[in-house]
Amino acid sequence: MRHLAIIGSGPAGYYTAEAAQKAFGDDIAIDVFDRLPVPYGLIRSGVAPDHQSIKAVSRRYEKVALSDNVRFVGNVSIGRDLSIDELRELYDAVVLATGAPHDRPLDIPGESLGNVFGSAAFVGWYNGHPQFAGLDPDLSGKTAVVIGMGNVALDVARILAKTPAEFAGSDIVAHALAALARSSIERIVLLGRRGPHQIMMTPKELGELGHLTAASPYVTAADLPPPDEDAILEPGVRKSVAHLRAFAATPEDIRAEKAKEIEFVFMSNPKALIGKDKVEAVEIERTFLNHGRAEGTGELRRIPADLVVACIGYRTSPIEGVPFDERAGRFANDAGRILPGLYCVGWARRGPSGTIGTNRPDGYAVAEQIADDVSTGVLGAARKKGRPGFDALAAERGLEVVKFSDWKKIEEAEEQAAREGAPREKFVDVEAMIRAGR
Ligand code: NAP
């Protein structure tokens with residue numbers, strides 16, 4: 001029997017568990033750890049609350065979680081409750097599926113002004129992540145600037161633009177729904193340092209902006225390259241650019257029917273955030289492309305901003321003793337191997353890119369490597385203590401471990417508390433989650 005510890009119960013974690021089950025059959029016991037008492041990582045706290053069909057993938061993870069040789073070990077934080085070395089002593093293989101929970105910094109003056117947030121914090125706020133539930137953004141101003149032109153920027157812009165009725169059927173948390181209902185934001189600027197051909201937004205998600213009740217997307221036609229240049233684009237990007245062209249072609253009187261506007265501002269690099277205590281403006285520098293990279297022209301201007309959300313990517317949390325690639329913001333690894341018996345997967349391995357589904361082949365690849373390392377002797381003989389060893393340590397340290405059956409009670413309580421038409425009302429506090437699980 002081999003013992004596998006997976007740290008992180010998001011998509012990368014559960015796909016790895018699924019793959020390890022297939023690779024080892026009954027010869028493996030898998031513990032999936034999470035620092036929160038609730039599973040599914042970004043499915044719960046990253047995927048937008050109005051994208052419930054994406055969240056449905058958690059049913060597949062639940063199947064894995066409920067199988068005999070897989071166990072959920074919630075409310076246990078590696079680094080706080082036990083060290084990575086202790087874990088490696090107990091398990092034959094440890095897989096870090098910890099994602100990338102920290103915002104990449106903008107590294108510009110004014111970043112610490114009030115009402116400036118990174119997307120991990122802002123998305124965590126409307127999704128009820130306990131760490132960010134108390135963020136309390138001030139939505140009383142008129143203009144929000146969302147930095148970045150990826151899918152997270154799109155999520156943030158859309159959430160800021162939606163009416164309360166458009167959140168029907170979503171699991172947006174009550175505090176965010178109430179704050180958004182009171183919001184005065186009427187202009188949302190999406191700021192891209194490169195051009196329309198370089199956006200990272202995918203077509204389906206971008207197209208949603210054209211169907212909002214109270215907001216219309218606005219693209220300046222002159223910012224778009226000549227249409228025949230679209231021919232060289234990858235099909236997905238070409239479709240996204242087609243949406244931008246449709247937004248640019250929308251007549252002004254049609255746009256004016258909606259009270260809010262989502263404006264795309266291209267070729268503009270944020271240089272500084274301006275304000276006394278709270279942000280008031282973003283200073284941007286016009287850019288040009290040099291071999292695909294945005295370079296400054298020296299031409300500066302300011303756009304007003306009452307709220308700034310930087311959606312420019314994420315970093316993995318380093319763990320003491322685990323080699324870390326500072327520049328890339330993830331664990332230093334060779335195709336998922338960090339050290340003998342220590343692996344990483346998902347965003348912790350490759351950085352914050354790809355969709356939920358990208359984590360599946362990642363999980364299968366790392367399970368295959370573990371199987372190889374068992375068969376070639378890299379992992380040594382099977383004599384680690386595994387689960388019983390961890391349970392003894394947890395008892396000795398008085399850890400309050402949350403089991404999958406406890407999570408099911410938390411889930412039931414969240415479903416019972418749901419407002420009409422919503423799938424759940426999430427607990428946003430760790431203690432409340434633990435109480436419900438008890
Ligand atoms: P992303 O796709 O990498 O986009 C990041 C954006 O930030 C890019 O436009 C980038 O511009 C810009 N940026 C980076 N550093 C910057 C800086 N210092 N100043 C100004 N702009 C900067 O990342 P993401 O939006 O965080 O998404 C992460 C991953 O999750 C992606 O793979 C995404 O597709 C996925 N996701 C998917 C969905 C969905 O499918 N519905 C939803 C959310 C997220 P450059 O291109 O110039 O670097």
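Residues numbered from 1 in each chain as written. Predicted model: local features only at pLDDT ≥ 70, side-chain atom pairs only at ≥ 80, totals over all residues. Heavy atoms only, no water.

Chemist: If you had to explain the pattern of salt bridges to someone new, which residues and values would you point to?
Modeler: Within this structure, the stated rule accounts for 33 salt bridges. Between Arg-245 and Asp-230 there is a salt bridge, and its shortest N-O distance comes to 2.7 Å. With Arg-245 in helix H10 (residues 235-249) and Asp-230 in the loop between strand E9 (215-218) and H10, this pair connects stretches of sequence that are 15 residues apart. The class of Asp-230 is buried, set by a relative accessible area of 8%. Here the residues in one salt-bridge network are Asp-50, Asp-155, Arg-158, Lys-162 and Glu-208, joined through shared partners. (Salt bridge = Lys/Arg side-chain N within 4 Å of Asp/Glu carboxyl O. Helix = DSSP H or I, 4+ residues; strand = E, 2+ residues; numbered from the N terminus. Buried < 20%, exposed > 50% of the residue type's maximum accessible area, 1.4 Å probe, protein only.)

Chemist: Pulling in residues and values, what's your account of the domain arrangement of the protein chain?
Modeler: Here the protein chain is partitioned into domain 1 (2-101 + 316-437) and domain 2 (103-313). A straight line from the C-alpha centre of domain 1 to that of domain 2 covers 32 Å. Contacts between the two partners involve 24 residues from domain 1 and, on the opposite side, 26 residues from domain 2. Broken down residue by residue, the surface that domain 1 buries against domain 2 is led by Pro-49, Asp-50 and Val-428, which jointly contribute 29%. The salt bridge partner of Arg-158 is Asp-50, with a shortest N-O separation of 2.8 Å. Connecting domain 1 to domain 2 are 13 residue pairs in polar contact (both at pLDDT 80 or more). Counting residues per element, the ones that place at least two in the side of domain 1 that touches domain 2 are helix H2 (41-45), helix H3 (52-55) and helix H16 (430-437). Tallied by class, residues from the side of domain 1 that touches domain 2 come to eleven nonpolar, five polar and eight charged. (Domains from an automatic or database assignment. Contact = heavy atoms within 4.5 Å. Buried area = accessible area lost by both parts, 1.4 Å probe. Polar contact = N/O pair within 3.5 Å; in protein donor to acceptor, adjacent residues only side chain to side chain. Nonpolar A, V, L, I, M, F, W, Y, C, P; charged D, E, K, R; others polar.)

Chemist: Go over the site of the ligand with me, naming the residues and quoting the values.
Modeler: In the neighbourhood of the ligand, 23 residues make up the surrounding shell, with Met-149, Asn-151, Arg-193, Arg-194 and Gly-354 lying closest. Here an oxygen atom of the ligand sits 2.8 Å away from a polar atom, N or O, in the side chain of Arg-194. In the complex, the protein chains occlude 82% of the 920 Å² of accessible area that the ligand would expose alone. Contributing elements (two or more residues each) for the shell around the ligand: helix H7 (151-161) and strand E11 (268-275). Here the element with the most residues in the shell around the ligand is H7; it accounts for three residues. (Near = heavy atom within 4 Å. Areas by Shrake-Rupley, 256 points an atom, 1.4 Å probe, with all protein chains shown as cover.)

Chemist: Talk me through the pairing of strand E8 (residues 187-191); I want residue IDs and the actual numbers.
Modeler: For E8, the buried fraction is high: four of the five residues fall into the buried class. Across five bridges, the pairing between strand E7 (residues 143-147) and E8 is parallel. Note on E8: the bridge partner recorded for Ala-144 is Ile-188. Relative to strand E10 (residues 260-265), E8 runs parallel, the two being bridged by five bridges. Note that in E10 the partner of Leu-191 across the bridge is Val-265. (Pairing = 2+ DSSP bridges.)

Chemist: Requested: an account of the packing of aromatic side chains, with residues and values cited.
Modeler: Across all of its chains, the model carries 15 aromatic pairs by this definition. Consider the rings of Phe-33 and Phe-390, whose centres lie 5.1 Å apart with planes at 85 degrees: the pair is edge-to-face. With a gap of 357 residues between them, Phe-33 in strand E2 (residues 28-34) and Phe-390 in helix H14 (residues 386-397) connect regions that are remote in the sequence. Like Phe-33, the residue Phe-390 is buried in the burial classification. A network of ring pairs unites the aromatic residues Tyr-14, Tyr-15, Tyr-40, Tyr-61 and Trp-407 as a single cluster. Here the basic side chain of Arg-360 rests over the ring of Tyr-364, its NZ or CZ set 4.8 Å away from the ring centre. (Phe/Tyr/Trp six-rings, centres within 6.5 Å; stacked < 30°, edge-to-face > 60°. Lys NZ or Arg CZ within 6 Å of the ring centre and 35° of its normal.)

Chemist: Could you give an account of the environment of Val-402, naming the residues involved and the relevant values?
Modeler: Mapping Val-402 onto the fold places it in the loop between H14 and helix H15 (404-416). As a C-alpha pair, Val-402 and Pro-37 span 365 residues in sequence and 5.6 Å in three-dimensional space. Leaving out residues up to four positions away in the same chain, Val-402 has contacts with Pro-37, Phe-72, Val-73, Gly-74, Asn-75, Trp-407, Ile-410 and Ile-434.

Chemist: So, the packing of helix H6 (residues 119-126) against H7: which residues are in play, and what are the values?
Modeler: One can describe the packing of H6 onto H7 by two numbers: an axis separation of 11 Å at closest approach and a directional angle of 45 degrees. When the interaxial angle is binned, H6 and H7 end up oblique. For H6 against H7, the interelement crossing comes out left-handed. For the pair H6 and H7, contact is made by Ser-119, Phe-122, Val-123 and Tyr-126 and by Val-152, Asp-155, Val-156, Ile-159 and Leu-160, respectively. (Axes fitted to C-alpha atoms, helices over the stretch in contact; angles between N-to-C directions. Parallel < 35°, antiparallel > 145°, perpendicular 65-115°, else oblique. Left-handed = near helix turned anticlockwise from the far one by under 90°.)

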